[in-house]
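# Structural overview
Chain by chain, the residues:
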Amino acid sequence: MSEVRTRAPVFAGNWKMHKGPRDAVNFFARFTEAYAAREDRTVIFFPPAVSIEAAARALRQRTDVRLGVQNIHWEPTGAFTGETGGPMAFQAGAHYALAGHSERRHGMGEDDATVARKTRAALDAGISPVVCVGETLDERRAGQLERVLSRQLGTVLDALAGDPRLARVLLAYEPVWAIGTGVVATPDDAAAAHGFLRALLREKLGVHAGGLPILYGGSVKPDNAADLLNAKDVDGLLVGGASLDPDGFANIASVDTVRAPGDL
Ligand code: PGA
């Protein structure tokens, strides 16, 4: 049986530094009208940390729509001014956490070891980490795509080697050159990188590799979502800018896969 059959598609919206608590409530008032619950997929939003609790209240009738936090510290609590600990994000309503988003790797100086620590911290807090990996344009042009992905993913997998909680991890392939630029990877680009990541997972995790979804992110819009989602080895979409519009994201989250629901 193909591994793909065990993974239902995941549609995630990363709001980045947009939408305070009131805006989040307004967004969900519209989104929940535009998007009807479906059992064949998972929908997750990553609001700013200050808006998670309001979002959770707005979604209390819609347990099909899940919430995550965009970033956590590697320690659960402590003297870390301005940071958010995993347990407090969980308390606010986050069941997922992004780790290693490129805006944190490249804008905030997070290295692979830090990403691995944050991945573990999420698991410790009962939160599923979404580990983001991806190459810059210079790295791609220099033929270093596979080297960069191996290093980024390998650091996390090695740090958690033998940990059964790895089954709760999700991956996102987000080529840095495609994030927020309007330049989208082609479905073939996505399939190549996802295939490489899937092979790496298989090599490191063996039989357990099949269950980990790999999301594609980078300039996903309503008009390219179907082609990207249906590219080989793509199990979901991580959407930035286009997740800020409730109707647009409802369209994206409603995209059908060519895989029959019974196969998911
Ligand atoms: P984008 O962002 O869709 O605006 O390119 C994707 C992301 O950063 O997760």
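None of these values were measured; they are calculated from a predicted model.

## Section: the nonpolar core
Proteins that are soluble and globular tend to have nonpolar side chains buried together. Counting residues in hydrophobic clusters, the biggest one holds 58 residues, and the most contacted among them are Phe28, Phe31, Phe45, Tyr216 and Leu237. Take this core: its biggest share by element is 8 residues, from helix α8 (residues 187-205). Core analysis: the next-biggest nonpolar cluster, separate from the first, contains 12 residues, Val130, Cys132, Ala172 and Leu238 among them.

## Looking at the pairing of strand β4 (residues 96-99)
Side chains Tyr96 and Leu98 of β4 all project onto a buried face; the interleaved residues Ala97 and Ala99 project onto the opposite face, where all are buried too. Alignment of strand β3 (residues 65-69) against β4, held across 2 bridges, turns out to be parallel. Across the sheet, Val69 pairs through a bridge with Ala97, a residue of β4. A crossover links β3 with its parallel partner β4, the connecting element being helix α3 (residues 86-92), and its sense is right-handed. With 4 bridges connecting them, β4 and strand β5 (residues 128-133) associate as parallel partners. Paired with Ala99 across the strands is Val131, a residue of β5.

## Remarks on the side chain of Lys16
Mapped onto the elements, Lys16 comes out in the loop between β1 (10-14) and α1 (21-34). A polar contact of 2.7 Å, which involves the side chain of Lys16, links it to the side chain of Glu103. Filtering out sequence-adjacent residues up to four positions away, Lys16 remains in contact with Phe46, Pro48, Gln70, His101, Glu103, Ile179 and Gly240.

## Considering the sheet that holds strand β7 (residues 214-217)
Sheet architecture is closed into a barrel: 8 strands sit in the order β1-β2-β3-β4-β5-β6-β7-β8, paired in parallel fashion. Each strand axis lies, on average, 25° off the axis of its neighbour in the sheet, ignoring direction. Where strand β2 (residues 42-46) lies against β3, 3 bridges are found, and the strand directions are parallel. What sits directly across from Val43, in β3, is Val65. Where helix α5 (residues 112-124) meets the sheet, it contacts β4 and β5, and its direction lies at approximately 160° from that of β5. Each of β5, β6 (170-173) and β7 touches α8; the most contacted strand, β7, lies at about 150° to it.

## With respect to the layout of surface pockets
Of the volumes computed, that of the largest pocket is approximately 470 Å³. Around the largest pocket sit 18 residues that line it, and Lys16, Gln70, Asn71, Arg104 and Met108 are the ones nearest its centre.

## Focus: the site of the ligand
In the vicinity of the ligand, 14 residues are found, and the nearest of them are Lys16, His101, Glu174, Gly180 and Ser219. Measuring from an oxygen atom of the ligand, one finds a backbone N or O atom of Gly180 at 2.6 Å. Ser219 places a main-chain nitrogen or oxygen 2.7 Å from an oxygen atom of the ligand. Contact with the protein chains removes 97% of the 280 Å² of surface that the ligand exposes when unbound. Residue composition of the shell around the ligand, by class: 5 nonpolar, 7 polar and 2 charged.

The rules behind the values
Residues numbered from 1 in each chain as written. Predicted model: local features only at pLDDT ≥ 70, side-chain atom pairs only at ≥ 80, totals over all residues. Heavy atoms only, no water. Core = buried A, V, L, I, M, F, W, Y, C linked by side-chain atoms within 4.5 Å. Buried < 20%, exposed > 50% of the residue type's maximum accessible area, 1.4 Å probe, protein only. Helix = DSSP H or I, 4+ residues; strand = E, 2+ residues; numbered from the N terminus. Pairing = 2+ DSSP bridges. Right-handed = clockwise from strand over helix to strand, strands pointing away. Polar contact = N/O pair within 3.5 Å; in protein donor to acceptor, adjacent residues only side chain to side chain. Contact = heavy atoms within 4.5 Å. Axes fitted to C-alpha atoms, helices over the stretch in contact; angles between N-to-C directions. 1 Å grid on protein atoms, 1.4 Å probe; cavity = no way out; pocket = protein on both sides within 12 Å on 5 of 7 lines; lining within 4 Å. Points joined across faces, edges and corners; volume = space filled by probe spheres on them. Near = heavy atom within 4 Å. Areas by Shrake-Rupley, 256 points an atom, 1.4 Å probe, with all protein chains shown as cover. Nonpolar A, V, L, I, M, F, W, Y, C, P; charged D, E, K, R; others polar.

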